[in-house]
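Descriptive analysis of the structure
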Amino acid sequence: MSEFASAETDMLFATPLTRFKVQDHETLNAELLAEGERLRGASDGVQKSNRGGWHSDLGFLDLDAPCIQRLRALAIQSVKDATRCVTSRVDPDDLDMKISGWMNANPRGGFNAPHTHPGAHWSGVYYVNQPEVETGNSGMIEFLDPRSDLPNWRILRAKPFRPKRKIRPQAGEIVLFPSYLTHWVYPNEMDTERVTVAFNATFRKRRKS
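Summarised in this report is the structure supplied together with it. Just so it is clear, the model here is predicted, and its values are computed rather than measured.

Basis of the calculations
Residues numbered from 1 in each chain as written. Predicted model: local features only at pLDDT ≥ 70, side-chain atom pairs only at ≥ 80, totals over all residues. Heavy atoms only, no water. Helix = DSSP H or I, 4+ residues; strand = E, 2+ residues; numbered from the N terminus. Polar contact = N/O pair within 3.5 Å; in protein donor to acceptor, adjacent residues only side chain to side chain. Contact = heavy atoms within 4.5 Å. Salt bridge = Lys/Arg side-chain N within 4 Å of Asp/Glu carboxyl O. Buried < 20%, exposed > 50% of the residue type's maximum accessible area, 1.4 Å probe, protein only. Pairing = 2+ DSSP bridges. Core = buried A, V, L, I, M, F, W, Y, C linked by side-chain atoms within 4.5 Å. Expected span 1.5 Å × (residues − 1). Axes fitted to C-alpha atoms, helices over the stretch in contact; angles between N-to-C directions. Parallel < 35°, antiparallel > 145°, perpendicular 65-115°, else oblique. Left-handed = near helix turned anticlockwise from the far one by under 90°. Nonpolar A, V, L, I, M, F, W, Y, C, P; charged D, E, K, R; others polar.

The residue Asp145 is located in the loop between strand S7 (141-144) and strand S8 (164-167) in this model. One polar contact links the side chain of Asp145 to the main-chain amide nitrogen of Arg147, over a distance of 2.9 Å. Aside from chain neighbours lying at most four places away, what touches Asp145 is Leu150, Arg154, Pro160, Arg162 and Pro163.

Below you can see the structure in the form of structure tokens.
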């Protein structure tokens, strides 16, 4: 029997990670893959965190193709929904939002090195094509604990003090997280390309007219 009249635990300094599953994503993904092929035929892409793959420029979500504009709308909605989950003091509809995105295509052996997205509030990844695997790390995205001085806590084997967390999202899924969170993508071990669209969202106070 407990000697305490009550107890309350507050999860301080938590880092939210939200996953959204897009309904009827198959058609959207097929159209995004076709649009990606067209863009790759016209551009060699850019070098960022990608290693051994193709990375479009940062204006992907500004293109006029209907499939891209649908994805842009989904990305904006996911950011607003996640924001409402972490605060009731600010309505994201009352803020201006800048959003930019780019497509990544990782062939066999391609991966993304550890990085953050400085200057943004939220970062997200939409999975257009994710090769099916049964074992191993292929297709995994891993997030690293942004806090320091935690090794002594690891003996407790408690989820809040794990040094890293990896997940394998599926096609049609958006993964959203704070932009300060260091993350990287494991090498693709399959012959089929892993294709994603990453994006950053930054809020600004709306100017009074």
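Back to the text.
Enumeration over the complete set of coordinates arrives at 12 salt bridges. For Arg40, the salt bridge identified is with Glu193, shortest N-O distance 2.8 Å. Here Glu193 lies in the loop between strand S10 (183-185) and strand S11 (194-205) and Arg40 lies in helix H1 (residues 25-42), a separation of 153 residues in the sequence. Looking at Arg40, the relative accessible area reads 26%, which means it is partly exposed. With a shortest N-O distance of 2.8 Å, Asp191 and Arg108 are connected by a salt bridge. Separated by 83 residues along the polypeptide, Asp191 in the loop between S10 and S11 and Arg108 in the loop between strand S4 (95-106) and strand S5 (111-115) bring together distant segments of the chain. Of the residues examined, Asp191 reaches a relative accessible area of 67% and is grouped as exposed. A cluster of three or more residues bridged by salt bridges with shared partners is formed by Lys80, Asp81, Arg84, Asp91 and Asp93.

Overall, antiparallel pairing links the 5 strands, which are arranged S2-S5-S10-S7-S8 in an open sheet. Of all strands in the sheet, those bounded by a partner on one side alone are strand S2 (50-51) and S8. Where S2 and S5 come together, 2 bridges link them in antiparallel fashion. Opposite Asn50, over in S5, you have Asn112 as the bridge partner.

Within the largest apolar cluster, 28 residues are counted, with the highest numbers of intra-cluster contacts made by Leu32, Phe60, Leu61, Tyr126 and Phe199. Only H1, helix H2 (66-86), S4, strand S6 (122-129), strand S9 (173-178) and S11 provide two or more residues apiece to this core. Of all the elements, H2 adds the most residues to this core, at 6 residues. Judged by nonpolar contacts, the second largest core, of 9 residues, contains Val125, Tyr127, Ile141 and Ile167.

The next subject is H1. In this model H1 runs 26 Å from its N-terminal to its C-terminal C-alpha over 18 residues, within 8% of the 26 Å that 1.5 Å per residue would give. Those residues of H1 hidden inside the fold are in contact with strand S1 (18-21), strand S3 (54-55), H2, S4 and S6.

Turning to the packing of H1 against H2, a few remarks are in order. H2 packs onto H1 with a crossing angle of 120° between their chain directions and a minimal axis gap of 9 Å. When the axes of H1 and H2 are compared, the pair comes out oblique. Here H1 runs over H2; the crossing is left-handed. On H2, the residues touching Leu28, Glu31, Leu32 and Glu35 of H1 are Cys67, Ile68, Arg70, Leu71 and Leu74. The residue inventory of the contact of H1 with H2, partitioned by class, reads 6 nonpolar, no polar and 3 charged.

None of the figures reported here should be taken as evidence of function without further support.
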